[in-house]
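Geometric and topological summary
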Amino acid sequence: YNEQVNVTNGATLIVRNTTDSANITATAAAQTGVNRVEFTFTAAATGKAHAIQAQTISGTIVDSTGGATSDKAFATGDVVGAGGSGSTATFTAS
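Below is a short write-up of the structure.

Each value, and the rule that gives it
Residues numbered from 1 in each chain as written. Predicted model: local features only at pLDDT ≥ 70, side-chain atom pairs only at ≥ 80, totals over all residues. Heavy atoms only, no water. Helix = DSSP H or I, 4+ residues; strand = E, 2+ residues; numbered from the N terminus. Buried < 20%, exposed > 50% of the residue type's maximum accessible area, 1.4 Å probe, protein only. Contact = heavy atoms within 4.5 Å. Polar contact = N/O pair within 3.5 Å; in protein donor to acceptor, adjacent residues only side chain to side chain. Pairing = 2+ DSSP bridges. Axes fitted to C-alpha atoms, helices over the stretch in contact; angles between N-to-C directions. Core = buried A, V, L, I, M, F, W, Y, C linked by side-chain atoms within 4.5 Å. Salt bridge = Lys/Arg side-chain N within 4 Å of Asp/Glu carboxyl O.

1. Let's talk about the overall build of the chain
- Broken down by element type, the chain carries zero helices and nine strands.
- For the chain, the sequential pattern of α-helices and β-strands runs β-β-β-β-β-β-β-β-β.
- The buried share of the chain, taken over its 94 residues, is 24%.
- Considering only intrachain contacts with a sequence separation of at least 6, the fraction spanning at least 24 residues in the chain is 55%.

2. Points about the environment of Val 15
- With respect to the helices and strands, Val 15 occurs in strand 2 (residues 11-17).
- Relative accessible area serves as the criterion here: at 3%, Val 15 is assigned to the buried category.

3. What about the side chain of Gln 55?
- Tracing the backbone shows Gln 55 in strand 6 (residues 55-56).
- On the accessibility criterion, Gln 55 (17% relative accessible area) is buried.
- A polar contact is formed between the side chain of Gln 55 and the backbone oxygen of Ile 14, at a distance of 2.7 Å.
- Once residues lying within four places of it in the same chain are set aside, the contact partners of Gln 55 are Leu 13, Ile 14, Lys 72, Ala 73 and Phe 74.

4. Looking at the sheet that holds strand 4 (residues 31-34)
- The sheet built from three strands is open, its strands ordered 4-1-7 with antiparallel pairing. Looking at strand neighbours, the two that pair on one side only are strand 4 and strand 7 (61-63), the edges of this open sheet. When strand polarity is set aside, the average angle formed by the axes of neighbouring strands in this sheet is 20°.
- Sheet topology places strand 1 (residues 5-7) next to strand 4; two bridges connect them, and they run antiparallel. Bridge pairing in strand 4 links Val 7 to Gln 31.

5. Some details on the environment of Gly 66
- Mapped onto the elements of the fold, Gly 66 is located in the loop between strand 7 and strand 8 (73-74).
- For the pair Gly 66 and Val 5, spaced 61 residues apart in the sequence, the C-alpha separation amounts to 9.6 Å.

6. Concerning unusual backbone geometry
- Positive phi values are uncommon outside glycine, yet Ser 21 reaches one of about 55°.
- If you trace the backbone, Ser 21 turns up in the loop between strand 2 and strand 3 (22-28).

7. Re the nonpolar core
- Counting 12 residues, the largest nonpolar core is built from Val 5, Val 7, Ala 11, Leu 13, Val 15, Ile 24, Ala 26, Ala 28, Val 37, Phe 39, Ile 57 and Ile 61.
- Put simply, the parts of the chain that give this core at least two residues each are strand 1, strand 2 and strand 3.

8. As for the pattern of salt bridges
- Inspection of the entire model under this criterion finds two salt bridges.
- Between Asp 20 and Lys 48 there is a salt bridge, with its nearest N and O atoms 3.1 Å apart. Here Lys 48 lies in the loop between strand 4 and strand 5 (49-51) and Asp 20 lies in the loop between strand 2 and strand 3, a separation of 28 residues in the sequence.
- By relative accessible area, which is 42% here, Asp 20 ends up partly exposed.
- Given the relative accessible area of 21%, Lys 48 is considered partly exposed.
- The salt bridge involving Glu 38 is made with Arg 36; its shortest N-O contact spans 3.8 Å.

In short, shape yes, function no, at least from these values alone.
Put into structure tokens, the structure is as follows:
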């Protein structure tokens with residue numbers, strides 16, 4: 001995000017195991033005043049490719065100063081690597 005946000009406990013998004021065509025739910029713990037929301041999930045086995053596809057994050061993510069709802073959509077073509085920048089759209093468990 002380009003601003004500080006607050007995240008409710010339990011915000012989720014889907015990580016796609018593209019090798020096996022299976023969905024994995026990634027969940028965020030409550031976070032306050034962050035500009036990079038962290039989600040946790042259990043990756044599929046070693047050698048499986050994963051991707052975040054177009055979707056909207058469930059749960060509440062709001063601007064930390066004004067409380068306005070923040071953008072929660074991943075659009076087709078959005079490409080963000082680890083650390084919130086870069087050009088990596090997929091990763092492989094190792």
